[in-house]
Amino acid sequence: MKKEKRIKEPQIIVKPLGRFGGLDNLHITLAVVVVLLVALLLVVSYSRPILVLPANNTTSTMAPVHNAAQVRAVVEQELASYTGVNGSLSLLPYISNVSGMKLGYSSSSHDWYATVSATNPVGNVAFNVSFVISDSNLSITPFLQAAKPSQLSMNRVVSTGVVQLNGKYECTSNATRVYWFMDPYAAGSVRSLLNATALEARYGSSLNLTFKMINGPSTQDVAASVGLQDALYLSKYILCASQQPQFGAFAADLNSEYANQYMPQSSLQSLASVAGLDNATLSSCIANSTSVLNNQALLATYYNITQTPSVVVACAYMALPQTAGSAISYAGSVGYAGNSTR
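Described in the following lines is the structure provided in the data block.

Quick notes on the rules
- Residues numbered from 1 in each chain as written.
- Predicted model: local features only at pLDDT ≥ 70, side-chain atom pairs only at ≥ 80, totals over all residues.
- Heavy atoms only, no water.
- Axes fitted to C-alpha atoms, helices over the stretch in contact; angles between N-to-C directions.
- Helix = DSSP H or I, 4+ residues; strand = E, 2+ residues; numbered from the N terminus.
- Parallel < 35°, antiparallel > 145°, perpendicular 65-115°, else oblique.
- Left-handed = near helix turned anticlockwise from the far one by under 90°.
- Contact = heavy atoms within 4.5 Å.
- Nonpolar A, V, L, I, M, F, W, Y, C, P; charged D, E, K, R; others polar.
- Buried < 20%, exposed > 50% of the residue type's maximum accessible area, 1.4 Å probe, protein only.
- Disulfide = S-S within 2.5 Å.
- Salt bridge = Lys/Arg side-chain N within 4 Å of Asp/Glu carboxyl O.

1. Remarks on the packing of helix α4 (residues 189-203) against helix α8 (residues 247-257)
Between α4 and α8, the shortest axis-to-axis distance is 9 Å and the interhelical angle comes to 150 degrees. As far as their axial angle goes, α8 and α4 are roughly antiparallel. As for how α4 packs across α8, the hand of that crossing is left-handed. Residues Val190, Arg191, Leu193, Leu194 and Thr197 of α4 form the contact with α8, whose own contacting residues are Phe247, Gly248, Ala251, Ala252, Leu254 and Asn255. When grouped by side-chain class, the residues that make up the contact of α4 with α8 number 7 nonpolar, 3 polar and 1 charged.

2. Here we look at unusual backbone geometry
Of the consecutive residues Thr308 and Pro309, the connecting peptide bond is found in the cis state with omega at 5 degrees. Positive phi, normally seen in glycine, also occurs at Cys315, with a value near 65 degrees. Locating Cys315 in the fold gives a position in the loop between β9 (310-313) and β10 (317-319). Assessed through its relative accessible area of 7%, Cys315 is described here as buried.

3. Observations regarding the state of the cysteines
One covalent bond between the sulfur atoms of two cysteine residues makes up a disulfide. Counted by the stated rule, this structure contains 2 disulfides. In this model, Cys171 is linked to Cys315 through a disulfide, with the two sulfur atoms separated by 2.0 Å. Taking the torsion about the sulfur-sulfur bond, which here is approximately 85 degrees, the covalent link between Cys171 and Cys315 counts as right-handed. Of this pair, Cys171 sits in the loop between β6 (162-164) and β7 (176-182) while Cys315 sits in the loop between β9 and β10, placing them 144 residues apart in sequence. With its bonded cysteines labelled in order along the sequence, the chain shows the pairing 1-4, 2-3.

4. As for the environment of Cys171
Overall, Cys171 belongs to the buried group, its relative accessible area being 10%. Separated by 144 residues in the primary sequence, Cys171 and Cys315 have C-alpha atoms spaced 5.6 Å apart.

5. Here we look at the pattern of salt bridges
With the rule as written, the count across this model stands at 1 salt bridge. With a closest N to O distance of 2.5 Å, Arg156 and Glu76 form a salt bridge. Placement of the pair is Arg156 in strand β5 (residues 156-159) and Glu76 in helix α2 (residues 68-81), with a sequence separation of 80 residues. Given a relative accessible area of 31%, Arg156 falls into the partly exposed group. Judged by its relative accessible area of 5%, Glu76 is buried.

6. Quick notes on the side chain of Glu78
Checked against the element boundaries, Glu78 lands in helix α2. Residue classification places Glu78 among the buried positions, given a relative accessible area of 2%. If near-sequence neighbours (up to four positions away) are discounted, Glu78 is found in contact with Phe131, Ile140, Pro142, Lys148, Pro149 and Leu152.

Pasting the structure below:
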C-alpha cells in the first residue's frame, strides 16, 4: 500500500470587516466619484438658469417681453388681492415688505420669479412669499400651499402695512383725513379704539380721525338676540362719544369693561358718565344718529369695506389699525399736504 501523500490544504484567513465594509481605498474613491457625478447630473437636469436683467434692458436677445417694473406691479396687485381671502391670509398684504422684493428672470422658461419677505406678527417670525409670473401675459401663480385669490385686485401693496386703493384719490385738507371703519361687535374693533386714540395723541391737530360705524355681521348677530335698536347702541355711543374731548377716557373704560358680548345701554351710559362726557350733548347726538349711520354705510360701500376694523388714510390708502401709522407716514412721503406738520 502506497504511502499517502500529505496534501497541504490552503489556509483561509478571515479578517474582520473594516468600517468601509471591506472596500479598499481605490473602490471607496471610485464610489465617491460615481455619487458626485450622479448628483451633478441631477443638478444640471433640473436646474433652470436665472438671468436677472435691468428693467430697461432692450438690447439683449435674451431680454424678456415685460420689464421689472411691470412685474413688480403685478406682484403688488396679487398681494393686495389677499385682503378678500377669508382667514389669516387676509393679513398678508399688511405684513409683506414689497420694498425688498427680489426679482429674477429665467431665459429658458420665459418666467419671472419674485420673492417677498413677510413677518408673522405672532412671534415676529420672518418668512418668504414667492411667485412665478409668465413673461408672455403676466399671469401670476403663488408658491403658497393655500387658497389663491379668486380675482386679481387692481389695488396695490405699496409699502409694509399700506394698500393703495385703485381709483381712489388723495383728499386734500389741512389735516390728514382718517376713516376708522368698524363693526363694533366684530373681533378686535373695540380694542382698535386704543390704536385710534394713540394716533390722535401722536399727531394732534395734523390728524382728522373720524369713526365710521357699520351694521355688519357681528352686530346683526347680536341684533338677532336683543333687537336691532339695542344692538346699535354700541355703535351710537362710540360715534357720539368720539366727538367729545373725553373720548380717550371713554375708550379706555370701554376696553376694560367689554367682554366680547352685548353691551346694554345702561352699561354704556354708566361708562359715559364715569368718563365725564356731556350727557345732554351725547343724548342729542344719539337721538339723531340714524341718518349719520346710514351715510357711513354708503361710505363703507364706496371703499368696498368687507372686513372690520379697517382704516382708510388720506382717502386713498387702506391699512389695519396696527399699520395705520405706516399709512399716514406713507401718505406724507408721497407729498400729501395733510402730513406736513407731523
